[in-house]
2 protein chains.
Amino acid sequence: MNIIISNSSSIPLYEQITQAIKQAIFSNELKEEEMLPSVRGLANELKISFLTIKKAYDELEEEGFIKTVQGKGSFVTPKNLELLREEKLKEIQGYVEKIKDIALVADISNEDVKEIFKIIFEEDK
Amino acid sequence: MNIIISNSSSIPLYEQITQAIKQAIFSNELKEEEMLPSVRGLANELKISFLTIKKAYDELEEEGFIKTVQGKGSFVTPKNLELLREEKLKEIQGYVEKIKDIALVADISNEDVKEIFKIIFEEDK
DNA sequence: TAACTGTTATGCATATAATATAACAGTATA
DNA sequence: TATACTGTTATATTATATGCATAACAGTTA
């Protein structure tokens, strides 16, 4: 596990950790059923509180990426391609929402936004 | 001025207010040189603290949207709306390119992206 | 049993957000 | 000039989110 976190980032530490671990799962650096670093182990490695690691792991479990068993550890959920896809769809959704906000505030019409989509998605066809 | 704010939103009240006022400026509901509601007036109307309104106005002034004069009030800065619009269009373009990259990696079809776009842009019609 | 796992509870520190209250300062006008 | 509007500033309080430290507890495995 190679996780880099930044204390000065506006993104909370536990969010940075969940993101890094998701990425490791996507890239198969963390394989199916593989055990994640222990909460205390990773906390020591990153020199932060284990409670912050726990919070990150709780979030990952909530979202179905890992499964935690008391006394044993946390393990990557058998890979669910649909789950990964959903994650990416949510990411895209976030960006579309940002676009919507910008368009709303700047009084840019849906037609104009649609036009930008069309140009970018078809430019290398 | 017709501003709707939500106390349960994760977006801070003062941000909701700056956004609403920017929108009013872009849509020309608030015209150049026009006076904004007084901090106390708007605070009473929205039933929140005038300090929250002040914070929003300070932010708007920082970004150049309005100009505040003690004793007189806050006024919409004369500006080049077309220039601002162009900036916002570029911002949107950047996000669309990010979306394209994600969709490519996650094997998400253009149709699916179009569907997300449709849902988000039409959800409150 | 020992040495790992994770869990829970408490308290502390800090930052942001939002509020209430009060006093102060500039502007316009009756 | 008095007053009623504008905005400004200072202080204190409350709530929430984030992150940490410590300690005790509980399950698993060798």
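Above this text sits the structure in question.
If you're wondering where the values come from, they're calculated on a predicted model, not measured in any experiment.

Regarding helix α3 (residues 50-62) of chain B
Residues and elements named next belong to chain B. In a regular helix each residue adds 1.5 Å, so 13 residues correspond to 18 Å; α3 covers 18 Å between its end C-alpha atoms and thus fits that length. Within α3, burial applies to Ile 53, Ala 56, Tyr 57 and Leu 60. One side of α3 holds all its buried residues, which, seen down the axis, span an arc of 95°. Residues of α3 that are exposed and point more than 90 degrees away from the buried face comprise Leu 51 and Glu 62. Structurally, α3 contributes buried residues whose contacts are with α1 (13-26), α2 (39-46), β1 (66-69) and β2 (73-76). Its side-chain oxygen 3.0 Å from the backbone nitrogen of Leu 51, Ser 49 forms the N-cap of α3.

Let's talk about the protein's contact with DNA strand D
Residues in contact with DNA strand D amount to 25 residues; listed here are only the nearest, Leu 13, Tyr 14, Leu 51 and Thr 52 of chain A together with Lys 54 of chain B. The protein-proximal atoms of DNA strand D, defined as those within 4 Å of the protein, are 64% sugar or phosphate. Contact distances for DNA strand D include 3.4 Å between a phosphate oxygen and a side-chain N or O atom of Lys 72 of chain A. One nitrogen or oxygen atom from the side chain of Arg 40 of chain B is found 3.0 Å from a base oxygen belonging to DNA strand D. Those elements that provide at least two residues to the surface near DNA strand D are α1 (13-26) and α3 (50-62) of chain A together with α2, α3 and β1 of chain B. No other element matches the four residues that α3 of chain A contributes to the surface near DNA strand D. Residue classes in the surface near DNA strand D are distributed as ten nonpolar, nine polar and six charged.

Focus: empty space enclosed by the protein
Residue and element names in this part refer to chain B. Summed over all chains, the structure comprises one cavity of 30 Å³ or more. Here the largest cavity defines a volume of roughly 50 Å³. Around the largest cavity, the lining residues are Ile 25, Asn 28, Leu 30, Lys 31, Glu 32, Val 76, Thr 77, Lys 79 and Leu 81. Here the residues of the lining of the largest cavity are counted per class, giving four nonpolar, two polar and three charged.

Some points on helix α4 (residues 81-105) of chain B
Compared with an ideal rise of 1.5 Å per residue, which puts 25 residues at 36 Å, α4 of chain B spans 37 Å between its outermost C-alpha atoms and is within 8% of the ideal. Summarising the contacts, the buried residues of α4 of chain B are in contact with α4 (81-105) and α5 (110-122) of chain A together with α1 and α5 (110-122) of chain B. One or two positions beyond α4 of chain B, positive phi appears at Asp 107 of chain B, with a value near 55°.

Points about the environment of Lys 79 of chain B
Here Lys 79 of chain B is to be found in the loop between β2 and α4. With sequence-adjacent residues up to four places away left out, Lys 79 of chain B is seen in contact with Glu 32, Gly 64, Phe 65 and Leu 84 of chain B.

Considering the protein's contact with DNA strand C
Taken together, 25 residues are adjacent to DNA strand C, and Lys 54 and Gly 71 of chain A together with Leu 13, Tyr 14 and Thr 52 of chain B come closest. Within 4 Å of the protein, the contacting atoms of DNA strand C are drawn from sugar and phosphate to the extent of 64%. In this structure, Arg 40 of chain B approaches DNA strand C through a side-chain N or O atom, which is 3.1 Å from a base nitrogen. Within the side chain of Thr 52 of chain B, an N or O atom sits 2.3 Å from a phosphate oxygen of DNA strand C. Those elements giving two or more residues to the surface near DNA strand C turn out to be α2 (39-46), α3 and β1 (66-69) of chain A together with α1 and α3 of chain B. A per-element tally of the surface near DNA strand C places α3 of chain B first, with four residues. Here the residues of the surface near DNA strand C sort into ten nonpolar, nine polar and six charged.

Examining the environment of Leu 83 of chain A
Residues and elements named next belong to chain A. With respect to the helices and strands, the residue Leu 83 is situated in helix α4. By relative accessible area, Leu 83 is classed as partly exposed at 26%. Considered as a pair, Leu 83 and Gly 64 are 19 residues apart in the sequence and their alpha carbons are 8.0 Å apart. For Leu 83, the residues in contact, after removing those within four places along its chain, are Glu 63, Gly 64 and Phe 65.

Definitions and cut-offs
- Residues numbered from 1 in each chain as written.
- Chains lettered and ligands numbered in written order.
- Predicted model: local features only at pLDDT ≥ 70, side-chain atom pairs only at ≥ 80, totals over all residues.
- Heavy atoms only, no water.
- Helix = DSSP H or I, 4+ residues; strand = E, 2+ residues; numbered from the N terminus.
- Expected span 1.5 Å × (residues − 1).
- Buried < 20%, exposed > 50% of the residue type's maximum accessible area, 1.4 Å probe, protein only.
- Arc of directions from axis to C-beta.
- Contact = heavy atoms within 4.5 Å.
- Polar contact = N/O pair within 3.5 Å; in protein donor to acceptor, adjacent residues only side chain to side chain.
- Near = heavy atom within 4 Å.
- Nonpolar A, V, L, I, M, F, W, Y, C, P; charged D, E, K, R; others polar.
- 1 Å grid on protein atoms, 1.4 Å probe; cavity = no way out; pocket = protein on both sides within 12 Å on 5 of 7 lines; lining within 4 Å.
- Points joined across faces, edges and corners; volume = space filled by probe spheres on them.

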